[in-house]
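Here are the chains, one letter per residue:
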Amino acid sequence: MKKLLYKKIIKKETRKNIIKQRDELDITVKEAMDNNIIEKLMMNETYKSARGIFIYIGFGSEINTKIIIREALNSGKEVYVPKVIKKDMILIKIDSLENLVTSSYGILEPIGDKSNLDVNKLELIVMPGVAFDKSGNRLGYGGGYYDKFLEQNKIECKKIALSYDFQVLEKLEVEEHDIKVDLIITENQIINIKNKSNK
């Protein structure tokens with residue numbers, strides 16, 4: 001019980017510190033870093049060959065993924081974005097950024113409330129996260145939506161995280177059910193996670 005409480009406190013502090021650093025980024029510096037990260041993703045072979053991608057919509061000081069969504073749609077990929085309904089997350093395919101509306105939390109979400117995911121076409125997931133470590137572990141925002149969704153739907157395709165350098169830590173406190181990423185792309189490096197022992 002004490003160990004579990006300790007883990008929760010560490011996670012909470014890590015989230016707070018990393019988000020603070022991210023929020024304090026100079027806008028011009030952030031845009032340059034975003035463009036560098038996005039360019040690396042677009043040159044990645046998994047991204048280039050993927051027929052369908054599941055990607056989050058960047059919010060607040062997250063990396064601006066709308067640039068990726070626009071390019072993916074223009075290149076003929078099928079793009080699925082998440083929507084949280086009550087305690088569950090579903091994926092909805094969009095044809096345009098115009099298919100998005102602002103939720104009551106101020107987050108852009110797709111219109112509709114029914115998933116139209118074709119799992120057979122999903123070949124890449126761009127995973128959000130507050131922090132990552134060099135073993136591919138991910139610290140999310142605490143809702144557990146992605147871990148639950150991927151576990152329930154048995155989705156096994158490649159998972160790439162987009163991150164600023166300062167979000168990549170040596171080691172994170174993780175739970176047994178936490179799903180790892182395969183690759184982390186930052187403004188200065190590409191970290192390929194080898195010998196990944198996860199689901």
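How each quantity is defined
Residues numbered from 1 in each chain as written. Predicted model: local features only at pLDDT ≥ 70, side-chain atom pairs only at ≥ 80, totals over all residues. Heavy atoms only, no water. Axes fitted to C-alpha atoms, helices over the stretch in contact; angles between N-to-C directions. Helix = DSSP H or I, 4+ residues; strand = E, 2+ residues; numbered from the N terminus. Parallel < 35°, antiparallel > 145°, perpendicular 65-115°, else oblique. Left-handed = near helix turned anticlockwise from the far one by under 90°. Contact = heavy atoms within 4.5 Å. Nonpolar A, V, L, I, M, F, W, Y, C, P; charged D, E, K, R; others polar. Phe/Tyr/Trp six-rings, centres within 6.5 Å; stacked < 30°, edge-to-face > 60°. Buried < 20%, exposed > 50% of the residue type's maximum accessible area, 1.4 Å probe, protein only. Lys NZ or Arg CZ within 6 Å of the ring centre and 35° of its normal. Salt bridge = Lys/Arg side-chain N within 4 Å of Asp/Glu carboxyl O.

Axis separation between helix α2 (residues 27-43) and helix α4 (residues 66-74) bottoms out at 10 Å; the angle between their running directions is 30 degrees. One element, α2, and the other, α4, form an angle in the roughly parallel class. Helix-helix and strand crossings are classified by hand; for α2 and α4 the assignment is right-handed. Listed contacts from α4 to Asn35, Ile38, Leu41 and Met42 of α2 are Ile67, Ile68 and Glu71. When grouped by side-chain class, the residues that make up the contact of α2 with α4 number 5 nonpolar, 1 polar and 1 charged.

Here we take up the packing of aromatic side chains. Scanning all chains against the criterion turns up 3 aromatic pairs. Their ring planes at 70 degrees and their centres at 5.9 Å tell us that Phe54 and Phe149 sit as a pair that is edge-to-face. One end of the pair, Phe54, is in strand β1 (residues 52-55); the other, Phe149, is in helix α5 (residues 145-153), with 95 residues separating them in the sequence. Here Phe54 and Phe149 have matching classes, each one buried. Between the aromatic rings of Tyr164 and Phe166, the centroid separation amounts to 5.8 Å while the plane-to-plane angle is 25 degrees, which identifies the pairing as stacked. Here Tyr164 falls in the buried class, since its relative accessible area comes to 0%. Through pairs of rings, three or more aromatic residues link up here, namely Phe54, Tyr146 and Phe149. Over the face of the ring belonging to Tyr47 we find Lys77, whose NZ or CZ atom lies 4.8 Å from the ring centre.

Here we take up the pattern of salt bridges. Under the counting rule described, the total for this entry stands at 10 salt bridges. Its salt-bridge partner being Lys30, residue Asp34 comes within 2.9 Å of it at the nearest N-O pair. With Asp34 and Lys30 both in helix α2, this residue pair falls 4 residues apart, about one helical turn. Two residues, Lys48 and Glu45, come together in a salt bridge whose shortest N-O distance is 3.2 Å. Of this pair, Lys48 and Glu45 both sit in helix α3 (residues 45-49), 3 residues apart, which is roughly one turn of that helix.

Read these as geometric descriptors, not functional statements.
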